Amino acid sequence: MLYRSTRDPAVSGERLSFTETLLRGMAPDGGLYMPEHWPQWTGAQLRAAAATPYVDLAADVLAAFAGGALPDGAVRAAAERLGESFDHAAVTPLVQLEPNLWVLELFHGPTAAFKDLAMQMMAVLTDAALAATGERLLLLTATSGDTGAAAVRAFAGAKSVDLMVLHPLDRVSPVQRRQMTRIDAPNVLNLAVRGDFDDCQRLVKALLADEGLRAGGRVSSVNSINWGRLAGQIPYYIAAAAAVGGPGVTPHFVVPTGNFGDAFAGWAARAMGIPLKLTAAVNHNDALARTLATGRYERRAASPSASVSMDVQAPSNFERLVFEATGRDAQRTRAVFETFARDGAVDLAPDLLAALRAEVSAVSIDEARTREGVAHAWKAYGRVVCPHTAVALTAARDLSRDGGPVIALSTAHPAKFPESVAPVLGFEPAPPPSLQRLSDAPERLSIIAPDTSEARAAAAGLQGR
Ligand SMILES: *Cc1c(COP(=O)(O)O)cnc(C)c1O
């Protein structure tokens, strides 16, 4: 299996192995990496998946995407890491709430959010890829909380990786901050930036392009522009579809969406032959829903919501969907996203808009309905849900369930977000085992101004340690 950039129109353009894709994160032409074709899952394989342990299924899916670039042992070890680090034997249990309404629990990992599912495996795969080349890797990540926590947990102590995480000072939840900073590993550096998430992302982009840092070794990122993250999120779609599926049954997944990484993993499962429908549920930061409704993709400032990990107005993985909806036309994809970058807005051609609408639906759930969703889940089902899950569950309940099973993805444990759940329910959510085990080591972080020179100096120091 080889990978190509969404922006490379050359028929004989650059093709990379899975490991090179993993270590680069993003293509130098500004595009995102995509597999050259989608490995196919047969009906018999899907039926068998219903009785396959999650770890075995994850290993099979990863092996299809790794395409021989890594030893089988490394792929197997990556999948087994899930079995070791998750607190639930099923890894991603599916829970029924009503006839044809389910939630897929993705929060049983070490940092209690779904980011653990891919990140735990990525740490093992990255280590194996670096062992083969003898290189070191500097990983940079900007986070609004969950990605940073999952990355710190997955990469702390990794032999050949240094990890620098930038979060906006005082704008992540206290639990999220402690998950990142109460860690005593010399290869992890936390920076709290006096600014917002967009400042963090801007600094990361500047450092990724920094010649001085690149001369010191590989520099990459672990956010969902990295194909490795998405590959690690495909298995739970297959597992859930197999669990509720049967002849003629098409499950409808409702995905709480920010950067569209998780939802695109669902799209990829369908491209692999799994029958499913997809709805992306966003909060009031509704770029995706607006674009599909109007045909105009327009940048607006993200404003804070209770579902903080979805406060995104320029979802990076939308580029992957556009690439597919144009029939893999890299020239057209490049034109759309270069126009968007230059003008802050782009009007999609009617044929492209129709193709996008055929692939995925998107709905926006506002803050009041999110709170109602939290309250309803408790009253009707006795479940305490996080605000991200409440967005998906509310969107799922709006759908007709006559056509078959509807599955809302539950992406984080509510105890990560007591500040938005407790005011609705009148009590604090009880912490899961992973949060009870949270270290009480002193917090380690450096506070920096939102300028490149301080961030660059910190990165160079980490790289040269
Ligand atoms: C990251 C995150 C999301 C959004 O996922 P995307 O892949 O960015 O769309 C939803 N819920 C939670 C809890 C998250 O941490």
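The sections below set out a description of the structure shown in this document.

Section: the packing of aromatic side chains
Item 1. Throughout the structure, instances matching the rule amount to 15 aromatic pairs.
Item 2. On the numbers, 6.4 Å between centres and 55° between planes, the contact of Trp38 with Phe264 is tilted. Taken together, the positions of Trp38 in the loop between β2 (33-35) and α2 (43-49) and Phe264 in helix α12 (residues 261-271) put the pair 226 residues apart, joining distant regions of the chain.
Item 3. On the accessibility criterion, Trp38 (11% relative accessible area) is buried.

So, the site of the ligand
Item 1. Around the ligand, the surrounding shell holds 15 residues, and the nearest of these are Lys115, Asp146, Gly258, Asn259 and Thr411.
Item 2. The contact in question runs from an oxygen atom of the ligand to an N or O atom on the backbone of Asp262, over 2.9 Å.
Item 3. Protein coverage of the free-state accessible area of the ligand, which is 380 Å², stands at 96%.

Topic: the environment of Thr133
Item 1. If you trace the backbone, Thr133 turns up in helix α5 (residues 115-133).
Item 2. Residue classification places Thr133 among the partly exposed residues on the basis of a relative accessible area of 44%.
Item 3. A polar atom in the side chain of Thr133 sits 2.8 Å from the side chain of Glu135.

Observations regarding the sheet that holds strand β7 (residues 188-193)
Item 1. Strands sit in the order β8-β5-β6-β7-β15 across an open sheet of 5 strands; the sheet is parallel. The sheet is open, and its two edges are formed by β8 (218-221) and β15 (446-448), each paired on a single side. Direction aside, neighbouring strands of the sheet carry axes that sit 25° apart on average.
Item 2. Bridge analysis of strand β5 (residues 137-142) against strand β6 (residues 161-168) gives 6 bridges, and the strand direction is parallel. Residue Thr141 lies in a different strand from β6, and its bridge partner there is Val165.
Item 3. Packed onto the sheet, helix α6 (residues 146-155) meets β5, β6 and β7 and runs at close to 160° relative to β6.

A few points about the pairing of β6
Item 1. Here β6 lies mainly inside the structure; 8 of its 8 residues are buried.
Item 2. In β6, alternate side chains face the same way, and those of Val161, Leu163, Val165 and His167 on one face and Asp162, Met164, Leu166 and Pro168 on the other are all buried.
Item 3. One ladder, built from 6 bridges, connects β6 with β7; its direction is parallel. Within the sheet, the bridge partner assigned to Met164 lies in β7 and is Leu189.
Item 4. A crossover links β6 with its parallel partner β7, the connecting element being helix α7 (residues 174-181), and its sense is right-handed.

Points about the side chain of Glu319
Item 1. Among the structural elements, Glu319 can be located in helix α14 (residues 318-325).
Item 2. Looking at Glu319, the relative accessible area reads 5%, which means it is buried.
Item 3. For Glu319, the residues in contact, after removing those within four places along its chain, are Thr6, Arg7, Gly30, Gly31, Leu32, Thr333 and Phe337.

What to know about the nonpolar core
Item 1. In this structure, Phe155, Trp227, Ile234, Ile238 and Phe253 are the most contacted members of the largest nonpolar core, which totals 110 residues.
Item 2. Core analysis: the second largest hydrophobic core is formed by 21 residues, Leu97, Ala281, Met310 and Ala377 among them.

Details of helix α19 (residues 418-425)
Item 1. The complete set of buried residues in α19 reads Pro418, Val421, Ala422 and Leu425. Viewed end-on, α19 has its buried residues packed into an arc of 100°, placing them on one side of the element.
Item 2. Count one or two residues on from α19 and you reach Gly426, which has phi positive near 85°.

Observations concerning helix α13 (residues 287-294)
Item 1. Burial analysis of α13 places 6 of its 8 residues in the buried class, the great majority of the element.
Item 2. If you check which residues of α13 are buried, you get Ala287, Leu288, Ala289, Arg290, Thr291 and Leu292.
Item 3. On its buried face, α13 sits against β10 (277-282), β11 (296-298), α14, α16 (350-359) and β13 (361-364).
Item 4. Among the residues trailing α13, Gly295 stands out with phi positive, at a value near 85°.

Here is what the cut-offs are and how they apply
- Every chain is numbered independently, its residues counted from 1 as its sequence is written.
- Residue-level local features of this predicted model are given only where pLDDT is at least 70; pairs of side-chain atoms are given and counted only at 80 or more, and the full residue set underlies all totals for whole chains, interfaces and linings.
- The basis for every side-chain value is the complete set of heavy atoms in the structure, and neither hydrogens nor water enter the calculation.
- A pair of aromatic rings is counted whenever rings of Phe, Tyr or Trp (Trp by its six-membered ring) have centres within 6.5 Å, and the orientation is called stacked for planes under 30 degrees apart, edge-to-face for over 60 and tilted otherwise.
- Numbering of helices and strands runs from the N terminus, with a helix taken as a DSSP run of H or I at least four residues long and a strand as a DSSP run of E at least two residues long.
- The buried label goes to any residue with under 20% of its type's maximum accessible area, the exposed label to any with over 50%, and the partly exposed label to all in between, with areas taken from a 1.4 Å probe on protein chains only.
- Note on definitions. A residue lies near a molecule or strand when any single heavy atom of the residue is within 4 Å of it.
- Whenever a nitrogen or oxygen atom comes within 3.5 Å of another N or O atom, the pair is scored as a polar contact, on the condition that within protein one atom can donate a hydrogen and the other can accept it, and that pairs from neighbouring residues in sequence are kept only if both atoms are in side chains.
- Only the protein chains shown count as cover for residues, and the accessible areas themselves come from Shrake-Rupley with a 1.4 Å probe.
- Pairing between strands is defined by DSSP: at least two bridges between the two strands are required.
- Think of each axis as a best-fit line through the C-alpha atoms, taken over the contacting stretch in the case of a helix, with angles from 0 to 180 degrees between the N-to-C directions.
- We call two residues contacting when some pair of their heavy atoms lies within 4.5 Å.
- When the strands point away from the viewer and the path from the first strand over the helix to the second turns clockwise, the crossover is right-handed.
- Buried Ala, Val, Leu, Ile, Met, Phe, Trp, Tyr and Cys residues that are joined via side-chain atoms within 4.5 Å together make up what is termed a nonpolar core.
- Regarding the arc, it is the one traced by the directions from the helix axis to the C-beta atoms.

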